[in-house]
Amino acid sequence: MLLDLADSYVEQNRKLNKALSLLQGRTVINLFFESSTRTRTSFELAGKRLGADVINMSVSTSSIKKGETLIDTAMTLNAMHTDVLVVRHSDSGAVKLLSEKVNCAVMNAGDGSHEHPTQALLDALTIRRRKGRLQGLTVAICGDVLHSRVARSNILLLHTMGARVRVIGPPTLLPSAIDRFGVEVFHDMRRGLADCDIVMMLRLQTERMQGRFVPSVREYFHFFGLDREKLAAARDDALVMHPGPMNRGVEIDSELADDLDRSAIREQVEMGVAVRMACIDLLTRELVGNAP
Amino acid sequence: MSKYRTAYVNARLIDPASGLDAPGGLLAEDGAIADIGAGLFAEGGPEGAETVDCGGMVLAPGLVDMRVQLRDPGHEHMEDIGSAGLAAAAGGVTTMVCLPNTDPVIDNVALLEFVARRAREVKLAKVHCYAAATRGMQGTQLTEYGLLGEAGAVAFTDAETAIADAKTMQRALSYASTFGHIIMQHPEEPALCDGGAMNSGEIASRLGLSGLPPVAEVMMIERDLRLVEATGGRWHAAHVSTAASVEAIRQAKKRGMAVTCDTAPHYFALNEVAVGDYRTFAKVRPPLRGEDDRQAIVEGLRDGTIDAIASDHSPYDQDSKRLPFAQAAFGIIGLETLLPLTLELYHNKHLSLSEALALITCRPADLLGLKGGRLAKGAQADLVLIEPDRPWKIDEVAFRSKSKNSPFDGRPVQGHALRTVVDGRAIFIHGREG
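Residues numbered from 1 in each chain as written. Chains lettered and ligands numbered in written order. Predicted model: local features only at pLDDT ≥ 70, side-chain atom pairs only at ≥ 80, totals over all residues. Heavy atoms only, no water.

(A) Structural view of the sheet that holds strand β7 (residues 184–186) of chain A. All names here are of chain A. Taken in spatial order, the five strands make up an open sheet running β7-β6-β5-β8-β9, and their pairing is parallel. Lying at the two open borders of the sheet, with one neighbouring strand each, are β7 and β9 (239–241). Strand-to-strand twist across the sheet, computed as the mean angle between neighbouring axes with direction ignored, equals 20°. Where strand β5 (residues 138–142) lies against strand β6 (residues 164–168), five bridges are found, and the strand directions are parallel. If you follow C142 over to β6, its bridge partner there is I168. (Pairing = 2+ DSSP bridges. Helix = DSSP H or I, 4+ residues; strand = E, 2+ residues; numbered from the N terminus. Axes fitted to C-alpha atoms, helices over the stretch in contact; angles between N-to-C directions.)

Here it is, written out as structure tokens:
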């Protein structure tokens, strides 16, 4: 249902005049405790195209640095009769904590290594538009699953939608007990990619590495970076995806990333705005009845 | 001087140390037990003594809680000796042994004497102190074990910090053996725990939280056991939480090593599922473990591998707990829930009532060389009258502790203290609080 609604917004977004007035008079605040360009812009555009007033707040301009707690910040914004809070935070569970303290709608734009639900939804929309379905597809999620909220949300959603999910990476980059997530686990790209319909690459969070998880970028690319040779193990029509931002030459070959026949990376960004419009739309519909 | 006499009549006397479990009575005189026996005062109390009719309830030695954080001095807004004393009294605890992780750290004689003086003024549960094993709990220089021991330190520990450096641990064990003192370890290999917030495994992975792996505990225990063998020192592992730890200590005891360990109620009454959706009140160190580990702790208590149960009372205010999980403080309060949670072992038929009470009375007392924990003529009259079966619900609003960080809020339990007595003087009477 959400994906169908998002589909309709894809067409809307391709028109010359993209603006709607569904959310006229409503306020959406993007509250980002962790820096982000694409997700924040995507949410901002989504809110504006629906006609809402959108305000961006980031850590550097907020009072968190003055010692105000996460909960105080949430209560303050709540008191201003915000309709939707879009929150990103570097701690797992922070968005959940915040949502318990406010009575507006709260959207998770990524919390720590926990979840990034709208990314999973936009990935699902992208796959469904390209493949016509999700049911029965084999999806490989490759790389730094340990630190990735994108991976966790995708595993949950794709599972629910009937896809088979594999994870591929060195054990140092896979969370403990990952086999309990209902996924198949591989440590070898060629074996893991065999017969896959979708190859989802994850960003190697090089800033967290310091030689502790993988010895070098060179070695990582050699064994786990996606290039044409490794991709050949997957189905001929396998689609390459990446949540961005990409480390070209680290987890993905640069030329492959730009190949529009194989790569859906740019399309994912486009779908992001549509999916977030659908999410905001649905959440605010719920709010209409019980606005204070 | 007029004698202060109280006769406890019509009681079910349970003294785990001697195995006594019989109807009888007890006479407390001037702070000590003047008489005790099966059938004593069957015809009513003696002349001139205050008489307490126990109504057939259990009269046992007062609880000895061997691991409590008082936060006093330093963080009195979270707890102080007075509020902890009230919590102890309500929980049936007559002796608390407190950790040195106050601010400043209890690593010198002056501070040890300060805490002892405050406790004497407050006149609730008795307070004994551990002293830091290393100066400032920094893990490098030893404290004055001899002088601190003379001043009353019952053992030496760096509280919630592991003595991680092998050389320091070796010297601590070796030097403490001069005086026969115990070194108490918080068993955790810190290099494996950096940034960890809960037990490693499926739940941590799903919640996107860094893990505290079970192996970090047992490897520190196994390392220490080697050092104990090499030095002949006395050693105790605090709050063991994993199946592997229990097994390592079980094997060491089988080899004849004189090592001991304790656990806390949350390690046999809860497992990691209690963390649920980022419940910071269930954030504790060592973390709540898996169900297999929980069952192994129960087994360790049954077969005597685990010597004692301590509440591990760790008070924290709201500001330390109402935070994203990774940032929240580690710790659970326990003075007021130690008795009912320990009685779960009896109600669940893992232990007899006397065996369960032994774990929170004579066994910790004997382990630390304290006088309390037993009902015997001439012993101090530290008592608790227990209604062992009455069902009730733990309610954080009713806690006397200044802090409310308990994951047991709302839990149905059985058994509570009716009257708590220190040196013959009632410090708590159920239903009669000011």
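Still to come is the rest of the account.
(B) Focus on unusual backbone geometry. Each neighbour pair has its own omega, and for G244(A) with P245(A) the value is -10°, a cis peptide bond. Within the fold, P245(A) resides in the loop between β9 and α10 (254–257). Look at the link from D103(B) to P104(B): it is a cis peptide, with omega at 5°. Following the sequence through the fold, P104(B) ends up in the loop between β7 (93–98) and α2 (109–122). For H81(A), which is not a glycine, the phi torsion comes out positive at approximately 55°. With respect to the helices and strands, the residue H81(A) is situated in the loop between α3 (70–79) and β3 (84–89). Of the residues examined, H81(A) reaches a relative accessible area of 57% and is grouped as exposed. Backbone geometry places A177(A), a non-glycine residue, at a positive phi of 60°. Within the element layout of this structure, A177(A) appears in the loop between β6 and β7. (Buried < 20%, exposed > 50% of the residue type's maximum accessible area, 1.4 Å probe, protein only.)

(C) Inspection of the interface of chain B and chain A at higher detail. Contact residues are listed per partner, giving 17 residues for chain B and 21 residues for chain A. Taking both sides of the interface into account, the surface hidden between chain B and chain A amounts to around 1,500 Å²; carbon and sulfur atoms contribute 54%. By the criterion of area lost to chain A, the three top residues of chain B are S205(B), R206(B) and R322(B), representing 36% of everything that side buries. Linking chain B with chain A are two salt bridges. (Contact = heavy atoms within 4.5 Å. Buried area = accessible area lost by both parts, 1.4 Å probe. Salt bridge = Lys/Arg side-chain N within 4 Å of Asp/Glu carboxyl O.)

(D) Up close: the pattern of salt bridges. Applying the stated criterion across every chain, the model contains 46 salt bridges over all chains. Its salt-bridge partner being E184(A), residue R166(A) comes within 3.7 Å of it at the nearest N-O pair. With R166(A) in strand β6 and E184(A) in strand β7, this pair connects stretches of sequence that are 18 residues apart. With a relative accessible area of 33%, E184(A) lands in the partly exposed category. Between E217(B) and R289(B) there is a salt bridge, with its nearest N and O atoms 3.5 Å apart. With E217(B) in helix α6 (residues 215–231) and R289(B) in the loop between α8 (265–269) and α9 (291–302), this pair connects stretches of sequence that are 72 residues apart. Residue E217(B) shares its accessibility class with R289(B), and that shared class is buried.

(E) Representation of the side chain of R149(A). Residues and elements named next belong to chain A. Positionally, R149 belongs in helix α6 (residues 149–160). From its side chain, R149 meets the backbone oxygen of G112 in a polar contact 3.1 Å long. Beyond its immediate stretch of four places on either side in the chain, R149 contacts E34, R88, H89, G110, D111, G112, S113, H114, E115 and H116. (Polar contact = N/O pair within 3.5 Å; in protein donor to acceptor, adjacent residues only side chain to side chain.)

(F) Just helix α5 (residues 117–131) of chain A, in detail. All names here are of chain A. With 15 residues, α5 should reach 21 Å at 1.5 Å per residue; the first-to-last C-alpha distance of 21 Å fits that figure. Of all the positions in α5, only T118, Q119, A120, L121, L122, D123, A124, L125, T126 and I127 are classed as buried. Note on α5: the residue one or two positions beyond its end, G132, has a positive phi of about 80°. (Expected span 1.5 Å × (residues − 1).)

(G) Representation of the sheet that holds β7(B). Residue and element names in this part refer to chain B. What the three strands build is an open sheet, ordered β6-β7-β8; its pairing is parallel. The open sheet terminates on both sides in strands that have one partner only, identified here as β6 (63–68) and β8 (126–129). The average undirected angle you get between the axes of adjacent strands in this sheet is 20°. Here four bridges tie β7 to β8, and the two strands are oriented parallel to one another. Residue pairing in the sheet places C98 in a bridge with C129 of β8.

All we've got here are geometric facts, nothing functional implied.
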